[in-house]
Amino acid sequence: MNDPLSTIPIGLKRAIQARGFARILIYIAFVCSLNGAAQQSTVPTTRARSGKQVSSPVPARNTEAGGRYVGSKVCASCHSNIYSSFRQTSMGMSMLPGDANSLASVLPLPATVYDKDSNQYFDVMRRDGGLFQSQYALDADGKELFRQTWKVDYDIGAGANGFGFLIQRDHYLFEAPLSYYTKTHSWGFAPGFEVQNRGFTRPILGRCITCHSGRPNPVAGQVGLYKDPPFDELAVGCENCHGPGELHVAERGQDLMAGAAPSASADASIVNPARLSGWLADNICMRCHQGQDVRVEMPGKNIRDFRPGMPLADYFSIFKIAPEAGASASSLPLEHYFGMTLSKCYRASGNLHCITCHDPHVESSAAKAFANYRSQCLGCHTEQSCRLEPTKRLATNPPDDCLTCHMPKRTVTTIAHAALTDHSIPAQTSSALQPSDQSHHNQKPELLVLSAPPAEWKQLQSIPPVVLLEAYDSLVREGHHDFDRLSTQLMQQVTSSTPSDPVVLRVLARAEFRKDTPAGKLRAIDHMKHLFRITVPNIDDYLFLGDLYTRMQQEENAIKILEKARSSSPYFREVYEMLASDHMTLGQYGDALAVLRQGIELFPDDVKLRALEKKANSVTLGPVP
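Now for a look at the structure at hand. The structure presented is a predicted model; accordingly, all values stated were derived computationally and were not measured.

Attention now goes to the overall build of the protein chain. If you tally the helices and strands in the protein chain, you get 24 helices and 18 strands. For the protein chain, with 625 residues in total, the buried portion stands at 47%. Expressed as a percentage of contacts within the protein chain between residues at least 6 apart in sequence, the contacts between residues at least 24 apart total 59%. Of the roughly 30,800 Å² of accessible surface on the protein chain, a fraction of 54% belongs to carbon and sulfur atoms.

In this section: the sheet that holds strand 18 (residues 447-449). Pairing in this open sheet of 3 strands is antiparallel, and the strands run 14-15-18 from one edge to the other. With partners counted over all chains shown, the strands left at the sheet margins are strand 14 (294-297) and strand 18, one partner each. The average angle at which neighbouring strand axes cross in this sheet is 30 degrees, direction not considered. Pairing between strand 15 (residues 316-321) and strand 18: 3 bridges, direction antiparallel. Paired with Ile-321 across the bridge in strand 18 is Leu-447. Packing against the sheet, helix 16 (residues 465-477) makes contact with strand 14, strand 15 and strand 18, and its axis sits at approximately 150 degrees to strand 14.

A few words on unusual backbone geometry. Following Leu-109, the chain continues to Pro-110 via a peptide bond in cis, the omega torsion being -5 degrees. Cis geometry is found at the peptide bond from Asp-228 to Pro-229, where omega equals 5 degrees. On the secondary structure map, Pro-229 appears in strand 13 (residues 226-233). Residue Asn-119 is not a glycine yet carries a positive backbone phi of 55 degrees. Mapped onto the fold, Asn-119 is located in the loop between strand 2 (111-115) and strand 3 (120-127). Despite not being glycine, Asp-128 has its phi angle at roughly 50 degrees, a positive value. For Asp-128, the location among the structural elements is in the loop between strand 3 and strand 4 (130-138).

Most of strand 4 sits out of view: 8 of its 9 residues are buried. Linking strand 3 to strand 4, which pair antiparallel, is a turn of 2 residues; within it Asp-128 sits at a positive phi near 50 degrees. The pairing of strand 4 with strand 5 (residues 144-151) spans 7 bridges and is classified as antiparallel. Looking at the pairing, Tyr-136 lines up with Arg-147 of strand 5. The turn joining strand 4 and strand 5, which pair antiparallel and follow one another in sequence, is formed by 5 residues; a positive phi near 85 degrees is taken by Gly-142.

Attention now goes to the nonpolar core. The biggest cluster of nonpolar side chains holds 61 residues, and the ones touching the most others in it are Leu-107, Phe-165 and Trp-187. At 7 residues, the largest contribution of residues to this core is made by helix 20 (residues 539-551). Filtering out sequence-adjacent residues up to four positions away, Leu-107 remains in contact with Leu-131, Phe-163, Phe-165, Tyr-180 and Trp-187. In terms of nonpolar packing, the next biggest core, distinct from the first, is built from 27 residues, Val-296, Val-449, Leu-468 and Val-476 among them.

What the 4 strands build is an open sheet, ordered 2-3-4-5; its pairing is antiparallel. Looking at strand neighbours, the two that pair on one side only are strand 2 and strand 5, the edges of this open sheet. The average undirected angle you get between the axes of adjacent strands in this sheet is 20 degrees. In terms of strand pairing, strand 2 meets strand 3 through 5 bridges, oriented antiparallel. Residue pairing for strand 3: Ala-111 is matched across the bridge by Val-124.

In this section: helix 22 (residues 573-585). For helix 22, with 13 residues, the first-to-last C-alpha span of 19 Å sits near the 18 Å given by 1.5 Å per residue. Among the residues of helix 22, those classed as buried are Arg-573, Val-575, Tyr-576, Glu-577, Leu-579, Ala-580, Asp-582, His-583 and Met-584. Buried positions along helix 22 lie against helix 20, helix 21 (555-568), helix 23 (589-602) and helix 24 (607-619). Residue Gly-587 follows helix 22 closely and has a positive phi angle near 80 degrees.

Let's shift gears to the state of the cysteines. All chains considered together, the criterion is met by 1 disulfide. With no disulfide of its own, Cys-238 lies 4.1 Å from the sulfur of Cys-75, the closest cysteine sulfur. Here Cys-238 falls in the buried class, since its relative accessible area comes to 18%. Cys-386 takes part in no disulfide bond, and the closest cysteine sulfur, belonging to Cys-405, lies 6.9 Å away. A relative accessible area of 31% places Cys-386 in the partly exposed class.

Under the counting rule described, the total for this entry stands at 26 salt bridges. A salt bridge links Glu-574 to Arg-198, with the nearest nitrogen and oxygen atoms 2.9 Å apart. In this pair, Glu-574 is assigned in helix 22 and Arg-198 in the loop between strand 10 (186-189) and strand 11 (202-203), connecting sequence segments 376 residues apart. Classification of Glu-574 by relative accessible area gives partly exposed; the value is 22%. The class of Arg-198 is buried, set by a relative accessible area of 15%. Put simply, Arg-573 and Asp-605 hold a salt bridge, and the shortest N to O gap is 3.0 Å. Within this pair, whereas Arg-573 is found in helix 22, its partner Asp-605 is found in the loop between helix 23 and helix 24, the two being separated by 32 residues in sequence. Classification of Arg-573 as buried rests on a relative accessible area of 10%.

With that settled, consider the environment of Ser-451. With respect to the helices and strands, the residue Ser-451 is situated in the loop between strand 18 and helix 16. Since its relative accessible area comes to 1%, Ser-451 is described here as buried. For the pair Ser-451 and Met-286, spaced 165 residues apart in sequence, the C-alpha separation works out to 8.3 Å. If we ignore the near neighbours within four places in the chain, the residues touching Ser-451 are Trp-279, Met-286, Ala-313, Phe-316, Ser-317 and Ile-318.

Running from amino to carboxyl end, helix 16 crosses helix 18 (residues 502-514) at an angle of 35 degrees, the nearest separation of the two axes being 10 Å. In terms of crossing hand, the pair formed by helix 16 and helix 18 is left-handed. Every residue of helix 18 that contacts helix 16 at Val-466, Leu-469, Glu-470, Asp-473, Val-476 and Arg-477 is listed here: Val-503, Val-504, Val-507, Arg-510 and Arg-514. Considered class by class, the residues forming the contact of helix 16 with helix 18 number 6 nonpolar, no polar and 5 charged.

Calculation rules
- Residues numbered from 1 in each chain as written.
- Predicted model: local features only at pLDDT ≥ 70, side-chain atom pairs only at ≥ 80, totals over all residues.
- Heavy atoms only, no water.
- Helix = DSSP H or I, 4+ residues; strand = E, 2+ residues; numbered from the N terminus.
- Buried < 20%, exposed > 50% of the residue type's maximum accessible area, 1.4 Å probe, protein only.
- Contact = heavy atoms within 4.5 Å.
- Areas by Shrake-Rupley, 256 points an atom, 1.4 Å probe, with all protein chains shown as cover.
- Pairing = 2+ DSSP bridges.
- Axes fitted to C-alpha atoms, helices over the stretch in contact; angles between N-to-C directions.
- Core = buried A, V, L, I, M, F, W, Y, C linked by side-chain atoms within 4.5 Å.
- Expected span 1.5 Å × (residues − 1).
- Disulfide = S-S within 2.5 Å.
- Salt bridge = Lys/Arg side-chain N within 4 Å of Asp/Glu carboxyl O.
- Left-handed = near helix turned anticlockwise from the far one by under 90°.
- Nonpolar A, V, L, I, M, F, W, Y, C, P; charged D, E, K, R; others polar.

Written as structure tokens, this is what we have:
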């Protein structure tokens, strides 16, 4: 936020301008300390963290639309101790500027990683106060065929498992190919690059960066495109869990100016998760700490619309394929919230929640964390509850640690060199889920809606049909073809009720394309043309329609669409590959070479573009001027 006064009422703003912004904030902080605004301190109360439900008598008013965010530094003026503590946590350090000096002594530099599949090298180095990554290839004589070097703009992660890095090209964000893994003290490819190494062209999706940063500004509906600036706040901050602070700051400032004594009741101008119902408090955490098979935004909503204190389900649905009957909870993928709900502790207590054990504002030392977690266990269990013989209990590290046996660390297959805690709290490794009503072999595929309360996970009838259709379609595209029949059935229903919805048009087009018939492709083209008329297409839409035209030997139409894609989304290599191929099919080699030269300048590592250039040059008996 450029103007720290922009969220303050006019009367208070004038006083601030006359007496000094810092001085006023000091007064506010002093009043807060006297009255223990502490009642609305963001640290969970002892009562809340003991597992007992604590509800505010009045819902926080900053959940309403329109309240603005003020940034964590404004919060720090009153809550300095909490702010300082939180800034040292993994969330508080989730993102840093790329030239952050704090990482200079952490990252061993320079370093080189070789990718044998592409026969290319990747370097990381520090120079001129910044961090840089390069990609290059060598010929048989050791001469560089190409090299591209990009300055790192943002660092992702606090180092618990490692650090990732982002680069910015105009208003687009892309993931840098190399990450640093702290467990092995080594550089390696970023997660996902082992499947497909896209160099510096892997876009950062809005739904991903939302949980790794404070307040990102992705352009809705686009891929990798961000507003200016791309982030209002880099690291996860106070308002990610407490909601926008404008109302809170304004009302406390007005109290100060009026000399009013602070109210002894709970402050309803800001969300305190410790005063929410356990379910709503968990919603704040599971927004980022719950994985999924597919996550779909509600009609007309965006994930960034979510405000702490509101149900997640009002903004998006988190779907998970139901586990097979009899599957061991500890054998399922690591998911913090879902794992907790499968535990016997959660089902038996009826009031186990994330903040029962976790204080988000503190990164405890190992000794303090051990004492805290053990005390939480002993809140329900006794020393005699453990049936393991004393000598084995004392052999754990630290001795007599409940978590060593009941919340073991498990390897994370999707993130190299990482491990996470199993929150299913297994009594033993063979602990299993309660079996379903019918055997897995006889049951139809089933989705659970994890964004609903656990008792309502199977109530898909509460989900808007368009949302459910998008979920089914996403699963089918990812290879879960057992949902194909459900998708087809729902498609017929939704098509008659909302035929012009962009989501429906995309699903219809893909379904027609999968039929792999000329008539199906033509119908897919019609659906996509309709889509282009009613909404702003994204790069995926352009590429799909361009590919459809090419497959139907309508290269002229494909070129028109792909040229629009090149103009609106210039940093996607597939556009140049497809566009050049279409020009060459029509014998337009000069146009093809012009496209290829621009593409190779942007993506010097693209082997396909270089092969097409070689072919075009050979056909024209040499480079076209």
